[in-house]
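Spelled out, the chains give:
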Amino acid sequence: MTNQKCPECGHRWVPPENSGSFKIKKVDFFWINRDQHSFEWFLKLMTQLEIDAREITVADEDPEASFLDLHMYMTSALHKSDVKAVGLQMALELMHEKSNKDVITGLKARTKAGRPDWKEVSLSSAKRRRES
């Protein structure tokens, strides 16, 4: 891919015939907050993005697949493996399955307790890239 350069001002750009190589196929958005209140200020925009992303799918992809995957984590919440949180986490999962909405944010994407396992995230992303 070759960049073009304007001899007058020095501005550089990629010609349209090469711009297809930059087409984004998938976005994984990770949103990590300490508590539920930290999600509120951004929620309206995220709801609209979630709706819009379902309409944008990559060619030859499952129509149910989304261009944007939201991964939300609440660090102050107790993880499933914590005995004190098992009942709560099970209830939240059942409610999400039934209503197809997260109880904490109201989005379709489920809010998870704790922090992301970045090693697992990297492996999953690499696997998905190899399969595409």
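Scroll up for the structure.
Rules used throughout
- Residues numbered from 1 in each chain as written.
- Predicted model: local features only at pLDDT ≥ 70, side-chain atom pairs only at ≥ 80, totals over all residues.
- Heavy atoms only, no water.
- Helix = DSSP H or I, 4+ residues; strand = E, 2+ residues; numbered from the N terminus.
- Buried < 20%, exposed > 50% of the residue type's maximum accessible area, 1.4 Å probe, protein only.
- Contact = heavy atoms within 4.5 Å.
- Pairing = 2+ DSSP bridges.
- Axes fitted to C-alpha atoms, helices over the stretch in contact; angles between N-to-C directions.
- Salt bridge = Lys/Arg side-chain N within 4 Å of Asp/Glu carboxyl O.

**Student:** Looking at this structure, how should I read the overall build of the protein?
**Tutor:** A count of helical and extended segments in the protein gives four helices and five strands. Here the protein, with 132 residues, has 27% of them falling under the buried criterion. Partitioning the intrachain contacts of the protein with sequence separation of at least 6 by distance along the chain shows that 57% fall at a separation of at least 24.

**Student:** Looking at this structure, I do not really get the sheet that holds strand 5 (residues 111-113). What am I missing?
**Tutor:** Strand pairing in a sheet is mediated by backbone hydrogen bonds. Such pairs are either parallel or antiparallel. Spatial strand order, 3-4-5: three strands in an open sheet with parallel pairing. In this open sheet, the two strands that pair with only one neighbour each are strand 3 (27-33) and strand 5. Neighbour-to-neighbour, the strand axes of the sheet open up by a mean angle of 25 degrees, direction not taken into account. For strand 4 (residues 68-74) and strand 5, the ladder comprises three bridges, and the chain directions are parallel. Directly across from Y73, in strand 5, lies its bridge partner K112. Set on the sheet, helix 2 (residues 43-55) makes contact with strand 3 and strand 4; between it and strand 4 the angle comes to about 145 degrees.

**Student:** Quick question: what am I supposed to make of the pattern of salt bridges here?
**Tutor:** One side chain can pair with another of opposite charge once the charged atoms of both are near each other. Here the structure, examined in full by the defined rule, presents three salt bridges. The residue D28 makes a salt bridge to R128 at a minimum N-O spacing of 2.3 Å. In this pair, D28 is assigned in strand 3 and R128 in helix 4 (residues 118-131), connecting sequence segments 100 residues apart. Salt-bridge contacts for D102 lead to R110; the nearest nitrogen and oxygen are separated by 3.7 Å. When sorted by exposure, D102 lands in the same class as R110, which is buried.

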